[in-house]
Amino acid sequence: MDAIDPARKDLVDEFRAKPVGRQSGDLRRLLNAMRRHPDLPPYILVCTRAQREWHLATKPAGRGAVTTLLDHPPFSDPLEAEWQVFRLRWKALTGEDLPHGR
Amino acid sequence: MGADLPRKRIIGYADKLSLAPGETIAFKASCEDIASYRADIVRLVSADLHPQGRGWIEEEIATPVSGSYRGREQAIPVGSWALVDDAPGLCCESLTVCLHLWPTTPHKGEQALLARMDPEGRRGWMLLIDGAGAIALRIATDKGVTIVTTGVALQERVWSFVGAGFDGATGAIRVWQRPQKTWPGHDATGDGSGAASGSLDAMGLPLGIAARPGRVEGLRRFCLDPCNGKLEAPRLYGRAMDAGQAIALQNNPGAERSLVAAWDFARDTMSETVRDIGPAAHDGQLINVPTRAMTGHNWDGGVMDWKAAPQHYGAIHFHDDDITDCGWDTDFVLTVSEGQKSGIYAARLVAGEQSDHIPFVVRPPRGAATADVLFLLPSASYLAYANEHGAIESAGAMDAFSGHLSGLSAQDLLLGERPDLGYSLYCHHGDGSGVAVSSRLRPVLNMRPGVTNAWVGPAGTFPWQFNADLPLVDFLEHEGFAFDVATDEDLHDEGLDLLSRYRVVMTGSHPEYYSKPMLDALGGWLQRGGRLMYLGGNGFYWRVAFHPEIKGVMELRRGEDGIRDWVSQGGEYYQAFDGAYGGMWERQGRPIHALAGVGMAGQGFDISGFYRRTPASRDPRAAFVFEGITDEIIGDFGTVGGGAAGIEVDRCDFAKGSPPNTLVLASSEGLSDLYFPGPEEIDNARPFMDGSQNPNLRADMTFHETGNGGAVFSTGSIAWIGSLSWNGFDNNVAGVTANVLRRFLDPEPFPEP
């Protein structure tokens, strides 16, 4: 697996503009590496109001693994949640803070 | 932190899914810390909670059900096993118990293999896998409890002949395990010996195979220490033997005069009875439908069909998380009024902020139709997906697959916490084997209005199956089309007779699972001039079998090919419920393309695309489809991924059987690169398989005449129905659907092209 290149801000910008949907091959590879990274928290969302509100949580794979809510403001937009999780993963892998807002 | 995990504290199910006026349905509920709840019957129209959706629309029906009910918790008797009723002939002062065993979780903890012991463990005997994964015999006499073990852990998924003998006169105990296969440094052969004192008395106790009989509550028979794995040919003799003597008798137990019982799992495979071929016929009853027709210790690959060589298929795979029937006590019943409109209904249970809807279908009176249109609710597919655990068990691993974060609902969280609610045909059992049997006689938490699928769509926002099909009801009502509703189970039971009363049949969004009677009926009806509107994707894909004795229970073998979250073991492709070869219909000479004009092309779960009309859409044969519609782009909107073409998509393919008179009216564009074809499309991996590069990965909208005045219109997309209500039904997806339905309702035959 290729290492994540902190210099590829173009991929950050691409994701920020379109977190879900048709994306470039390089962005796909970056996302695959982030999402499958064994050392990153297994992020997941917990829905508290159908189609309206989600909370950030972690949930390891496997039967019976505990879901843990994280101390993070709730999301009203799934794409905003995608960006915030991208930021968390990017920070963990590169040490760099990305802008908070999309 | 300010938020707690949501918790669902009221759940229920009904004994029926579909019933006619005059018939009665029983509802059963379980509540956690809820003293009472209110129940009403409602007719469901919409549960589309998408921010731009129609919202929740239900009509309360005045019935005697309306009222308050006492909340109570009802336990679920999970785990499959066989119960042999107590009989004096089962008693013996000395004994030998033995069987062939293929353990799948030898290190889970104590697991009963054959047991005649009281729930408290103070009286009787039990052959078991002990806490160290070794074969052991527990003897409980008036002098105390003795356990003797081989002390050698069994090898997982290796057949072993295991057993034990107890001499009641001397108290001597011998236990053994003889693996069929060993490796250097991995030899699980084991023996143990010891002695017990006191006299053995199991009088009055039932016998359990694959579990120890537990308590009984109402219709619920609980078990203790259930095991995981395949068991074959259990034997019970009335004298103590050693391993050599027991092995010598295994294939001819009747040669031993002390034989008490010899269960042959290869007999009556389609039933829930296990036959004792011994002198007293101590037949047993299977509980929670373990998987039958499984390869046994002597299967050598020479025969693949259990019917051709049942002696090679003498095993049953038991699971500690099998559940077929919760057996709950009934909370209330409803007798459907004569004249009640056919439709999709639910028992609505409410206690404060907690609620549950238990859906059911009121079909038209038996032998009659009340409309020319039948909405054939794809309940077999609901059953296949019942309590699907993809997001709750795979968690973050689903991100890369679906292209976004999953969003767990209270239903998902409860499923993750409660293995006793059972699994879907997409899940694995706790022992890693695939779930081949599903039942609706349990709370099915994802067959609920308003419930979306946790990993389909960003944050799990796309409706799926039952909830994705409700917008069709909303559309039909809004547009003023009269319709009846029936389920796949109705079609399975009644076949062509049911369909023959209708001019038009409309499918749901994802009618993926079909039994042979269902497919035969649909094909036969089309040959007689029926008109099918296939408004879904990945339909008619898997062959399934319904249980011959227990209504609402369905079997699947994921064999040979197709999109499989698990794969049946070699030699286990034939269904136990009906003996037929399981797997994809396409692999059995029944391609969906020949029926619907289109067939499965691929899937993706992030966004949907749209259709662009083709020149063939101007063909006079299809003029009715686009009457009043001038748009070139169809369905670039909707609640399922923002488009009408997506999630699972089908294409026209003449090489795969699409009728030569099929018109491709429009084809999809705009799918993402997380769309991939199914394995049946990949003979060899190529670098252009994904959605933006693969010309074969598309949804085709098609039309073809079937002869005798009939026709088929297909959209080849799961997302289609999710676009119907967009902009208050003022859109070209609703327009096309209404145009086709109006023409299909017109008795004027479709001429042959």
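In this text, all values refer to a predicted model and were calculated from it rather than measured experimentally.

Enquirer: When you look at the nonpolar core in this model, what are you seeing that I'm missing?
Expert: Considering soluble globular proteins, one finds that nonpolar side chains tend to be buried as a cluster. The biggest cluster of nonpolar side chains holds 261 residues, and the ones touching the most others in it are Leu45(A), Leu113(B), Leu137(B) and Met533(B). Ignoring sequence-local partners within four residues, the contact set of Met533(B) consists of Val504(B), Met506(B), Thr507(B), Phe713(B), Val740(B), Leu741(B) and Phe744(B).

Enquirer: Help me understand the pairing of strand S35 (residues 542–546) of chain B, please; the structure alone is not making it clear to me.
Expert: Every other side chain in a regular strand lies on the same face of the sheet, so the side chains alternate between the two faces. All names here are of chain B. In terms of residue burial, S35 counts as a mostly covered element, since five of its five residues are buried. The alternating pattern of S35 places Trp-542, Val-544 and Phe-546 and Arg-543 and Ala-545 on opposite faces, both of which are buried. Across two bridges, the pairing between S35 and strand S37 (residues 583–584) is antiparallel. Its bridge partner lying in S37, Trp-542 is registered against Met-584. Two elements, S35 and strand S36 (residues 553–555), share two bridges in a ladder whose sense is antiparallel. Each bridged residue has a counterpart across the sheet, and for Ala-545 the counterpart in S36 is Glu-555. Once S35 ends, the chain turns through six residues before running back antiparallel as S36, passing Gly-552 with a positive phi of about 85°.

Enquirer: What is the right way to look at the environment of Phe375(B) in this model?
Expert: All names here are of chain B. In this fold, Phe-375 is placed in strand S28 (residues 373–377). Spatially, the C-alpha atom of Phe-375 lies 22 Å from that of Ser-439, the residues being 64 residues apart in sequence. If near-sequence neighbours (up to four positions away) are discounted, Phe-375 is found in contact with Leu-472, Phe-483, Val-485 and Met-506.

Enquirer: How should I be thinking about the interface of chain B and chain A in this particular structure?
Expert: In this assembly, 34 residues from chain B lie in contact with 33 residues from chain A. Secondary structure elements with two or more residues in the side of chain B that touches chain A: helix H3 (390–394), helix H4 (397–402), strand S29 (407–408) and strand S38 (599–613) of chain B. Of the residues forming the side of chain B that touches chain A, the biggest block, three residues, is contributed by H4(B). A breakdown of the residues in the side of chain B that touches chain A according to their chemical character gives 16 nonpolar, 14 polar and four charged.

Enquirer: Just to check I follow, could you spell out the sheet that holds strand S1 (residues 43–49) of chain A for this structure?
Expert: Consider a sheet: its strands pair through backbone hydrogen bonds, and that pairing is either parallel or antiparallel. Strand order in the open sheet made by the four strands is S3(A)-S2(A)-S1(A)-S29(B), with mixed pairing throughout. Only two strands of the sheet have a single partner each, and these edge strands are strand S3 (68–69) of chain A together with S29 of chain B. The pairing of strand S2 (residues 53–58) of chain A with S3(A) spans two bridges and is antiparallel. By the bridge assignment, Thr58(A) is partnered in S3(A) with Thr68(A).

Enquirer: Explain the sheet that holds strand S25 (residues 332–335) of chain B to me, please; I cannot follow it from the model alone.
Expert: Residue and element names in this part refer to chain B. The strand order across the open sheet formed by three strands is S1-S3-S25, and the pairing between neighbours is antiparallel. Where the open sheet ends on each side, the last strands, each with one partner, are strand S1 (10–14) and S25. Each neighbouring strand pair of the sheet contributes to a mean axis angle of 25°, computed without reference to strand direction. Where S1 and strand S3 (residues 24–31) come together, five bridges link them in antiparallel fashion. By the bridge assignment for S3, Gly-12 is matched with Ala-29.

Enquirer: Looking at this structure, I do not really get helix H2 (residues 25–35) of chain A. What am I missing?
Expert: Each full turn of the α-helix corresponds to 3.6 residues, which orients residues three or four apart in the same direction. The set of residues buried in H2(A) consists of Leu30(A), Leu31(A), Met34(A) and Arg35(A). Projection of H2(A) onto a plane perpendicular to its axis shows the buried side chains occupying an angular sector of 125°, all on one side. Tucked into the core, H2(A) has its buried residues touching helix H1 (9–17) and helix H3 (78–94) of chain A together with H4 of chain B.

Enquirer: Sorry if this is basic, but what is going on with the domain arrangement of chain B here?
Expert: Domain parsing of chain B yields domain 1 (81–318) and domain 2 (595–753). Taken over C-alpha atoms, the centre of domain 1 of chain B sits 55 Å from the centre of domain 2 of chain B.

Enquirer: Before we go on, may I ask you to explain helix H11 (residues 732–745) of chain B in this structure?
Expert: Residues and elements named next belong to chain B. With 14 residues, H11 extends 20 Å from end C-alpha to end C-alpha; this agrees with the ideal 20 Å at 1.5 Å per step. Counting buried positions along H11 gives 11 out of 14 residues, so the element sits mostly inside the fold. Considered for burial, the residues of H11 that qualify are Asn-732, Val-733, Ala-734, Val-736, Thr-737, Ala-738, Asn-739, Val-740, Leu-741, Arg-743 and Phe-744. Buried positions along H11 lie against helix H6 (466–479), strand S32 (504–506), strand S34 (531–534), strand S39 (633–634) and strand S43 (710–714).

Rules of the game
Residues numbered from 1 in each chain as written. Chains lettered and ligands numbered in written order. Predicted model: local features only at pLDDT ≥ 70, side-chain atom pairs only at ≥ 80, totals over all residues. Core = buried A, V, L, I, M, F, W, Y, C linked by C-beta atoms within 7 Å. Buried ≥ 20, exposed ≤ 12 C-beta atoms within 10 Å, placed from the backbone. Contact = placed C-beta atoms within 7 Å. Helix = DSSP H or I, 4+ residues; strand = E, 2+ residues; numbered from the N terminus. Pairing = 2+ DSSP bridges. Nonpolar A, V, L, I, M, F, W, Y, C, P; charged D, E, K, R; others polar. Axes fitted to C-alpha atoms, helices over the stretch in contact; angles between N-to-C directions. Arc of directions from axis to C-beta. Domains from an automatic or database assignment. Expected span 1.5 Å × (residues − 1).

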